[in-house]
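Results of the structural survey
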Amino acid sequence: MAARSMLRSVWTSIAGLKLGVTGTNVKVQQRINVFQLPTLTIQSRGIRQVVEKQEGKTTTIEGEILNIAAGPQPPNPTAKCPIYRWNLQHKYNYTDVLLLSQFIRSDGGLLPRRITGLCPEEHRKIAMCVQMAHRAGLLPDHKPKLPEGHVPKRPKPQLNRYLTRWSIDSVKPIYKTGLKWCKKRMAVGHPVLKDNVCYGVKPLYTKH
Amino acid sequence: MSSFSRSAQQWATFARSWFLIDARVQPPGKIATMCAVRLQGKHKPIYHALSDCGDHVVVINTKHIAFSGNKWEQKVYSSHTGYPGGFKQVTATQLHQKDPKAIVKLAVYGMLPRNLHRRTMMQRLHIFPDDELPDDIRANLTEELPQPREIPRKLSEYTQEEIDAFPRLWTPPEDYKMK
């Protein structure tokens with residue numbers, strides 16, 4: 001019964017296609033896919049909201065398609081990759097957390113490329129920037145969830161760092177740096193970002 | 001200043017000032033160049049190597065220094081005690097744990113000219129691992145220098161309005177269970 005009424009309400013909402021959020025006494029459940037709706041029939045891009053309405057003895061559970069405001073249009077809508085659509089190709093860095101946070105999960109991992117629609121080079125660049133941002137401590141709320149009652153064996157030294165290319169445990173100390181013509185340099189940043197726009201006079205040094 | 005009297009102008013030119021540098025989340029190399037320039041007196045037009053025109057520099061928060069790249073693990077500080085088998089090599093992390101002032105001190109020492117004035121200039125450098133300064137030094141401070149590196153903002157430091165003002169670059173497909 002409830003399923004049939006839900007399907008009917010979904011069909012009516014598609015016919016109208018514009019449904020604002022109704023009323024203030026409505027109990028709203030955010031985005032729960034109760035069952036798999038046939039995707040061929042539903043072509044809208046809106047986010048669905050499950051809305052429960054109590055009218056005396058009857059309860060109507062409706063899946064309303066919210067009309068979310070489209071937001072600002074990208075300056076280059078024909079491009080395939082979101083970064084190219086917004087013309088941000090060589091302009092972002094590990095510090096642009098607002099941009100990077102759109103491509104990560106809540107535990108800090110990157111979302112798959114087939115979902116985000118990034119081209120492979122940009123996906124790699126975003127991955128490196130996200131790694132550097134994590135190591136710099138710029139994404140404090142996107143840490144992986146540790147199991148309950150987990151106590152770390154030794155307290156890790158809290159050191160500030162930035163532009164870290166390699167993972168902390170994988171790097172060995174350079175005991176012999178060598179002579180000037182064959183010096184073992186330390187890696188800073190990532191070569192993937194070497195094409196970034198440089199507004200200053202000094203170029204970006206990757207080997208310190 | 002042209003409005004100063006002769007004695008006041010003389011005093012303003014030749015007095016030794018005290019600079020303050022906050023090294024929080026700053027690279028120690030850049031801090032050290034700023035210190036070395038001011039300890040030698042090279043920031044003054046009246047500079048001469050023999051005229052002892054260097055100023056005092058106070059560096060605070062050296063415990064919170066930030067190295068770029070993987071230098072905490074890769075950079076090695078070597079020393080020899082003079083005795084056989086006394087060659088010691090310590091990584092930057094280990095040295096920082098043992099003494100939080102050492103990294104900045106060694107960096108400045110290496111940037112000063114290799115002459116007998118170097119030791120006097122090092123005596124005029126005051127390094128503190130924390131915010132706490134003794135009162136007599138705090139009373140002497142004249143100027144605070146701007147930090148060389150711009151500190152990036154964490155995601156938690158952005159207000160919700162700024163996060164909302166940033167446009168969504170891509171829309172997720174409807175049937176994808178986000179995060």
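Residues numbered from 1 in each chain as written. Chains lettered and ligands numbered in written order. Predicted model: local features only at pLDDT ≥ 70, side-chain atom pairs only at ≥ 80, totals over all residues. Heavy atoms only, no water.

The name given to chain B in an unreviewed UniProt entry is Large ribosomal subunit protein uL13m, and the organism recorded there is Perca flavescens. Per UniProt, the comment on chain B under Sequence similarities (unreviewed entry) is "Belongs to the universal ribosomal protein uL13 family." As stated in UniProt under Subcellular location (unreviewed entry), the record for chain B gives "Mitochondrion". (UniProt positions renumbered as here; feature names shortened; annotations may be inferred.)

In the annotation of an unreviewed UniProt entry, the entry for chain A reads Large ribosomal subunit protein mL66, and the organism field reads Perca flavescens. Database annotation for chain A, UniProt heading Sequence similarities (unreviewed entry): "Belongs to the bacterial ribosomal protein bS18 family. Mitochondrion-specific ribosomal protein mL66 subfamily." Here is the UniProt Subcellular location (unreviewed entry) comment for chain A, exactly as written: "Mitochondrion".

1. Some words on the interface of chain B and chain A
Many analyses report the size of an interface as the accessible area lost when the parts associate. Counting residues at the interface gives 41 residues for chain B and 52 residues for chain A. Summing both sides of the interface, chain B and chain A together bury roughly 4200 Å²; the carbon and sulfur share of this comes to 61%. Joining chain B to chain A, the criterion identifies one salt bridge. Here R161(A) ties to E73(B) by a salt bridge, and the two come within 3.0 Å at their closest N and O atoms. Connecting chain B to chain A are 17 residue pairs in polar contact (both at pLDDT 80 or more). Secondary structure elements with two or more residues in the side of chain B that touches chain A: β3 (66-68), α3 (71-74), β5 (87-91), α4 (92-98) and α8 (160-165) of chain B. Counting residues per element, the side of chain B that touches chain A draws most heavily on α3(B), at four residues. Relative to β3(B), strand β4 (residues 160-162) of chain A runs parallel, the two sharing three bridges. Looking at the pairing, Y162(A) lines up with S68(B) of β3(B). (Contact = heavy atoms within 4.5 Å. Buried area = accessible area lost by both parts, 1.4 Å probe. Salt bridge = Lys/Arg side-chain N within 4 Å of Asp/Glu carboxyl O. Polar contact = N/O pair within 3.5 Å; in protein donor to acceptor, adjacent residues only side chain to side chain. Helix = DSSP H or I, 4+ residues; strand = E, 2+ residues; numbered from the N terminus. Pairing = 2+ DSSP bridges.)

2. Quick notes on the packing of aromatic side chains
In the structure shown here, the tally under the stated rule is two aromatic pairs over all chains. A ring pair is formed by F103(A) and W170(B), whose centres lie 6.2 Å apart and whose planes are at 10 degrees; its orientation type is stacked. Of this pair, F103(A) sits in the loop between α3 (97-100) and α4 (113-116) while W170(B) sits in the segment after α8, each in a different chain. Here F67(B) and W72(B) contribute two aromatic rings whose centre-to-centre distance is 4.9 Å and whose plane-to-plane angle is 85 degrees, an arrangement assigned as edge-to-face. The two residues F67(B) and W72(B) agree in class, both being buried. (Phe/Tyr/Trp six-rings, centres within 6.5 Å; stacked < 30°, edge-to-face > 60°. Buried < 20%, exposed > 50% of the residue type's maximum accessible area, 1.4 Å probe, protein only.)

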